[in-house]
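Architecture at a glance
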Amino acid sequence: MIDIQFHNTFSNRLEVLTPVHPGEVRIYTCGPTVYDFAHIGNFRTFVFQDVLRRFLHSRGLRVLQVMNLTDVDDRIIQKAAESGTSIREYTEKYIAAFLQDMSALNLQTPEEIVRATDHIDDMVDLIERLQKKGLTYQSEGSIYYRIAKFPDYGKLSKIDVGGMKAGARVDNDRYEKDDARDFALWKAPKPGEHFWETRIGPGRPGWHIECSAMAMKYLGETLDIHTGGVDLAFPHHENEIAQSEAATGRTFAKMWLHAEHLIIDGEKMSKSLGNFFTLRDLFLKGSKPSTIRYLLLSVPYRRQLNFTGDSLKQAEASVERLRNFVTRLKAERFAAGSNPKIEQLADKAEADFDAGLADDLNTAFSLAAIFDLVREVNTAMDRGGFLQQDAPRIVAAMEKFDAILAVLTDNDAERLASVGFQPSQPRMPDEQIEALIEQRAAAKKRRDFKAADEIRRRLTESGIILEDSKDGSVRWKYK
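What this report covers is the structure whose coordinates are included nearby. (Residues numbered from 1 in each chain as written. Predicted model: local features only at pLDDT ≥ 70, side-chain atom pairs only at ≥ 80, totals over all residues. Heavy atoms only, no water.)

**Comments concerning the layout of surface pockets**
Just so we agree on the cut-off: Grid points spaced at 1 Å and placed over the protein atoms alone form the basis of the search, with a cavity being a set where a 1.4 Å probe fits but cannot get out and a pocket an open set showing protein on both sides within 12 Å along at least five of seven lines. Lining residues have an atom within 4 Å of a point. Grid points are joined across faces, edges and corners, and a volume is the space filled by probe spheres set on the points. Numbering of helices and strands starts at the N terminus; helices are DSSP runs of H or I of at least 4 residues and strands are runs of E of at least 2. All amino acids are sorted into three groups, where Ala, Val, Leu, Ile, Met, Phe, Trp, Tyr, Cys and Pro are nonpolar, Asp, Glu, Lys and Arg are charged, and the leftover types, Gly among them, are polar.
There is about 660 Å³ of room inside the second largest pocket. As for the second largest pocket, its lining consists of 25 residues, and the residues nearest its centre are Arg323, Thr327, Leu408, Asp410 and Trp476. Of all elements in the fold, only helix 9 (309-331), helix 12 (391-405), helix 14 (430-445) and strand 17 (474-478) reach the threshold of two or more residues within the lining of the second largest pocket. No other element matches helix 9, which puts 7 residues into the lining of the second largest pocket. For the lining of the second largest pocket, the per-class residue count stands at 9 nonpolar, 3 polar and 13 charged.

In structure tokens:
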């Protein structure tokens, strides 16, 4: 197999993956800030991270992935106060919703999902390490990181801090790009705000210290890969590097992988433009989880993804084409024997699929390899060049691909039900469908076409489409 290479934001070039611990890749993932439902731009990043871990598994590597949940920041404090609930109570419902949404999109669960508020002591410990090194100062009860004490500040985002006003600082958790300022590690409580009593005084952590403390607690002082959306490179990831490397004297992350923005019909997603969508908004509009997942992974993560109605339709058609292909492999009757050319097609598709992912997760290249295989095998079937013993080999290849794609199983109804979206009518059990298909075949055999048509009509009304093959077999699928 060829080496795995990823584009490292830090070096701005492709680099071969060489884990700190041979055979195991340790990944830190910036998860959601749970002040509301996650939007589809967030899930573009989370799907990319899921493809990453699935691909590493396919290469036989162990994965230790940590995803944080930011459950305390300025917005959460404000919204919890407005709703008259505690921070914990306010965020609990959005954490539960996020985990449900992850499951609906068939995202694997990271080995550790950690809440910031469960790690206050770890953050205090890290802040004390920075204090002892003279990298902090206090102002009005808050503790700030003095970025002038870290000469390499800006090395990830390539921000030029030369013109920064000495002593300028920012107290809110998020600030504008290119606005390099000293940032809050620990924030003094405002009247009525929730706070923690600690060795460094009352207050609550700044956003950036949370990730550094949790990443190093679970993954060690040097991570293999740190991932997130491109909008996090500055200030969040830049600040993580400054505080982590200043504390340890070691490289914080060997590789930084950033997913590009998702835009809607060519425009930035914005509530003011009316083009802001959560995953559940799309479910209400009739989109299937498999369709959304496929679309989000179909464009390589470092390219901007333009999310449109047409692209959703194309993604749905692509998933259906793949599912129909597998159904045909399993249901159609083929002549005995095997065709060596089919084995060669499968080998090439698998090699190309792997090569695409090894080249900085080039999912577009990998998907092209799959559809080349589908086209050539369908042609062989139509021309009689596909034989009985070829089917298991191609099914195995499709299952190998789907270990990463995770869209072939037709369980969208169940996934929608898991987030509270019930179908207008319950699905007919598979056993009942198969029994009706057999009854229809028997009716046709005795030339009772009226009964056969009635069975087809009944199935159609239940959302089931029948496809009669030339060899006499019948394939079925849900609409």
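**Description of the nonpolar core**
The line we're drawing: In these notes, a set of buried Ala, Val, Leu, Ile, Met, Phe, Trp, Tyr and Cys residues joined through side-chain atoms within 4.5 Å is what counts as a nonpolar core. Working definition: with a 1.4 Å probe on protein chains only, accessible area under 20% of the residue-type maximum means buried, over 50% means exposed, and in between means partly exposed. Contact definition: two residues touch when any of their heavy atoms are within 4.5 Å.
If you look at the biggest cluster of nonpolar residues, it comprises 134 residues, and the most contacted ones within it are Tyr145, Phe307, Phe386 and Ile394. It is helix 1 (residues 40-58) that contributes the most residues to this core, 9 residues altogether. Not counting the four nearest positions on each side in its chain, phenylalanine 307 is found in contact with Ile40, Leu262, Ile263, Ile264, Asp265, Leu282, Leu295, Leu296 and Leu312. Judged by nonpolar contacts, the second largest core, of 9 residues, contains Met428, Ile433, Leu459 and Ile464.

**What about helix 10 (residues 340-358)?**
The cut-off we apply is this: Every helix has an expected span of 1.5 Å times one less than the residues it contains. Polar contact is the term for a pair of N or O atoms within 3.5 Å; when the atoms are in protein, one must be able to donate a hydrogen and the other to accept it, and sequence-neighboring residues count only if both atoms are side-chain atoms.
Over its 19 residues, helix 10 extends 27 Å from the first C-alpha to the last, a length consistent with the 27 Å expected when each residue adds 1.5 Å. For helix 10, the set of buried residues is Ile342, Ala346, Ala349, Glu350, Phe353, Asp354, Gly356, Leu357 and Ala358. Close packing links the buried residues of helix 10 with strand 1 (5-8), helix 1, helix 11 (363-382) and helix 12. One side-chain oxygen of the residue at the start of helix 10 lies 3.0 Å from the amide nitrogen of lysine 341, identifying that residue as asparagine 339. Directly after helix 10, the chain includes aspartate 360, whose backbone phi takes a positive value near 60°.

**Brief notes about the pattern of salt bridges**
Operational definition: Salt bridges, as used here, are contacts in which a Lys or Arg side-chain nitrogen is within 4 Å of a carboxyl oxygen on Asp or Glu.
The tally for this structure, following the rule as stated, stands at 37 salt bridges. A salt bridge links glutamate 24 to arginine 26; the shortest N-O distance between them is 2.8 Å. Exposure remark for glutamate 24: the relative accessible area of 15% places this residue in the buried category. Between arginine 53 and glutamate 111 there is a salt bridge, with the nearest N and O atoms lying 2.9 Å from each other. In this pair, arginine 53 is assigned in helix 1 and glutamate 111 in the loop between helix 3 (87-104) and strand 5 (112-115), connecting sequence segments 58 residues apart.

**A word on the environment of valine 47**
Topologically, valine 47 is positioned in helix 1. When the C-alpha atoms of valine 47 and leucine 14 are compared, they prove to be 21 Å apart, with 33 residues separating the residues in sequence. Every residue in contact with valine 47, bar those within four places of it in the chain, is listed here: Leu105, Leu107, Arg293, Leu296 and Leu297.

**Focus on the packing of helix 8 (residues 289-298) against helix 11**
Quick note on the threshold: Fitted lines through C-alpha atoms serve as axes, helices being fitted only where they are in contact, and the angles separating the N-to-C directions of these axes extend from 0 to 180 degrees. Angles are sorted into four bins: roughly parallel if under 35 degrees, roughly antiparallel if over 145, roughly perpendicular if 65 to 115, and oblique for all others.
Between helix 8 and helix 11, whose axes approach to 9 Å, the crossing angle comes to 120°. Taken together, the axes of helix 8 and helix 11 are oblique relative to one another. Note on element contacts: helix 11 touches helix 8 through Thr363, Ala364, Leu367 and Phe371, opposite Tyr294, Leu297 and Ser298. Here the contact of helix 8 with helix 11 is composed, by residue class, of 5 nonpolar, 2 polar and no charged.

**Side note on unusual backbone geometry**
Along the chain, phenylalanine 234 connects to proline 235 via a cis peptide bond; the corresponding omega equals 5°. Its location among the elements puts proline 235 in helix 6 (residues 233-248). Positive phi, normally seen in glycine, also occurs at glutamate 140, with a value near 55°. Secondary-structure assignment places glutamate 140 in the loop between strand 6 (136-139) and strand 7 (142-145). One non-glycine residue, alanine 406, adopts positive backbone phi at about 60°. The class for alanine 406 is buried, based on a relative accessible area of 10%.

**Focus on the pairing of strand 9 (residues 182-187)**
Where we set the bar: In this analysis, strands are considered paired if DSSP registers two or more bridges between them.
Extensive coverage of strand 9 is indicated by the burial of 6 of its 6 residues. In this sheet, strand 9 lies alongside strand 7 in antiparallel orientation, the contact comprising 3 bridges. Across the sheet, isoleucine 143 pairs through a bridge with tryptophan 186, a residue of strand 9. When strand 8 (residues 169-170) meets strand 9, the two strands line up parallel, connected through 2 bridges. By the bridge assignment, arginine 169 is partnered in strand 9 with aspartate 182.

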